[in-house]
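Working through the structure, step by step
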Amino acid sequence: RQRSRAVARQAIFYISAFVLTYSLDLVNGMFWYTSGTYIPPLDVCAYILLPLQGLFNFMIFSSSRQTMKTPEGRLLRQMLFSSCCCCC
């Protein structure tokens, strides 16, 4: 039961990252489709957020893992989570 809650929680995080990443692009596309114009600042923000989905997915994936198998994964996890936790 506890494992299924953890899986559901992780799935909600993945879906939230997807919605956060694609929401600006979707809004901008719908606005362009309906009115024929687009908003350049919204477009720039969308193009910045789209590549960050990989980072969001990595953060969600590695938050539940205490050890990573590859040296790169261990280094990235240490850089992301130890720098964030030292401020708290």
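Source: prediction; values computed, not measured.

**Remarks on the overall build of the chain**
Check the secondary structure of the chain and you find four helices and zero strands. Counting helices and strands in the order they occur from the N terminus, the chain gives α-α-α-α. Taken over the C-alpha trace, the chain has a radius of gyration of 17 Å; the compact-globule value for 88 residues is 12 Å, which it surpasses by more than 25%. Seen along its three principal axes, the alpha-carbon backbone of the chain occupies a region of about 50 × 30 × 25 Å. Taking all 88 residues of the chain together, 17% fall into the buried category. Look at the contacts in the chain between residues 6 or more apart in sequence, and 42% of them connect residues 24 or more apart.

**Brief notes about helix H1 (residues 2-35)**
Between its terminal C-alpha atoms H1 stretches 48 Å, which fits the 50 Å expected from 34 residues at 1.5 Å a residue. Of all the bends found along H1, the most pronounced is centred on Tyr22 and spans about 40°. By the burial criterion, the buried members of H1 are Ala17, Thr21 and Asn28. Contact partners of the buried residues in H1: helix H2 (40-49) and helix H3 (53-63).

**Observations concerning the environment of Ala8**
Within the secondary structure, Ala8 sits in helix H1. Along the primary structure Ala8 and Trp32 are separated by 24 residues, whereas in three dimensions their C-alpha atoms are 35 Å apart.

Analysis parameters
- Residues numbered from 1 in each chain as written.
- Predicted model: local features only at pLDDT ≥ 70, side-chain atom pairs only at ≥ 80, totals over all residues.
- Heavy atoms only, no water.
- Helix = DSSP H or I, 4+ residues; strand = E, 2+ residues; numbered from the N terminus.
- Rg over C-alpha atoms; globule rule 2.2 N^0.38 Å.
- Buried < 20%, exposed > 50% of the residue type's maximum accessible area, 1.4 Å probe, protein only.
- Contact = heavy atoms within 4.5 Å.
- Expected span 1.5 Å × (residues − 1).
- Bend = angle between axes of the 7 residues up to and from the residue.

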